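# A structural walkthrough
Okay, here's what each chain looks like letter by letter:
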Amino acid sequence: MSAETPVQSAGTFTRLRRRFRDWRGSRPFWAGLFTILGGVPIAYFPYATLKLGTMSLTMATTAGAGSLIIGVLLITLGLTMWFQQATRVFAGVAAIILALVSLVVSNIGGFLIGFLFALFGGALAVSWAPGNAEDVEGGRHKPGRGPAGEGAVEPTSQGADNEPIPPQTPHETGDGGPADGVRSEARNGGYRVG
């Protein structure tokens, strides 16, 4: 190889896989997939004809049109979650409501298969939030980016005996300050008065 040989780029499959991973990471992908998978059995089972030997079983009911509408709406909501991330909360709530309605209308929600998938997909869509690219660097969080504020654990300094030293709080004026080298909290059992 000479210095002028071009560097071989990643293969087509690797490039497509990376593009798909980036596309999938920027939207509620799994929520949409579960919602679509929930819509398919809800729409399919009322129109399916099962063959058992020479006998055929048809699940056609008067609710077949309602099942078809619910199934198509769930598939549409799943695609909406993928391509319109701004409406993910609406699509998630609508998927949960349609999943609950399918229990009554569509053969117990597509024999509970479609109901569970649609319910789980709707819940994922409602709870999904876009991530910040600047917070994550190479798959790891940047150092020093932890919780802050109320409820965050502050690092404590340790004394010579490996015992944590309590944080020192400044005394207010009028408190009298430490008297005889003993703080007022130590005199009254650790409770600050006043």
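Residues numbered from 1 in each chain as written. Predicted model: local features only at pLDDT ≥ 70, side-chain atom pairs only at ≥ 80, totals over all residues. Heavy atoms only, no water.

### Quick word on the overall build of the protein
Scanning the protein for helices and strands turns up seven helices and four strands. When the 194 residues of the protein are sorted by exposure, 23% land in the buried category. Sequence separation of 24 or more characterises 60% of the internal contacts of the protein that already satisfy a separation of 6 or more. Accessible surface for the protein amounts to roughly 14,000 Å². Of this, 63% is attributable to carbon and sulfur atoms. (Helix = DSSP H or I, 4+ residues; strand = E, 2+ residues; numbered from the N terminus. Buried < 20%, exposed > 50% of the residue type's maximum accessible area, 1.4 Å probe, protein only. Contact = heavy atoms within 4.5 Å. Areas by Shrake-Rupley, 256 points an atom, 1.4 Å probe, with all protein chains shown as cover.)

### Things to note about the UniProt feature "transmembrane region" (unreviewed entry) in the protein
Within the UniProt annotation, "transmembrane region" (unreviewed entry) is assigned to residues 28-47, 59-82 and 89-105. Secondary structure across residues 28-47 comprises 80% helix and 0% strand; the distance between its end C-alpha atoms is 30 Å. Helix and strand shares over residues 89-105 are 100% and 0% respectively, and the end C-alpha atoms of the span are 24 Å apart. (UniProt positions renumbered as here; feature names shortened; annotations may be inferred.)

### Topic: the pairing of strand 2 (residues 55-58)
Examined bridge by bridge, strand 1 (residues 49-52) and strand 2 share four bridges and lie antiparallel to one another. Directly across from Leu52, in strand 2, lies its bridge partner Met55. Linking strand 1 to strand 2, which pair antiparallel, is a turn of two residues; within it Gly53 sits at a positive phi near 70°. (Pairing = 2+ DSSP bridges.)

### Describing helix 3 (residues 64-83)
Side chains that are three or four residues apart share a direction in an α-helix, a result of its 3.6 residues per turn. Over its 20 residues, helix 3 runs 29 Å from end to end, which matches the ideal 28 Å to within 8%, given 1.5 Å per residue. Considering only its buried residues, helix 3 is in contact with helix 1 (12-25), helix 2 (29-44), helix 4 (88-105) and helix 6 (113-127). (Expected span 1.5 Å × (residues − 1).)

### Considerations on helix 4
The end-to-end C-alpha separation of helix 4 is 25 Å, in line with the 26 Å expected for 18 residues at 1.5 Å each. Those residues of helix 4 that sit buried are Arg88, Ala91, Gly92, Ala94, Ala95, Leu98, Ala99 and Ser102. Looking straight down helix 4, one finds its buried side chains confined to an arc of 165°; they lie on one side. Away from its buried face, by an angle of more than 90 degrees, helix 4 presents the exposed residues Phe90 and Val104. Its buried side turned inward, helix 4 meets helix 2, helix 3, helix 5 (107-111) and helix 6. Note on helix 4: the residue one or two positions beyond its end, Asn107, has a positive phi of about 45°. (Arc of directions from axis to C-beta.)

### Some remarks on the confidence of the model for the protein
Averaged over every residue, the pLDDT of the protein is 76; residues scoring 70 or more account for 60%. Of all the helices and strands in the protein, strand 3 (residues 136-137) carries the lowest mean pLDDT, 52, while helix 6 carries the highest, 94. (pLDDT = per-residue confidence, 0-100.)

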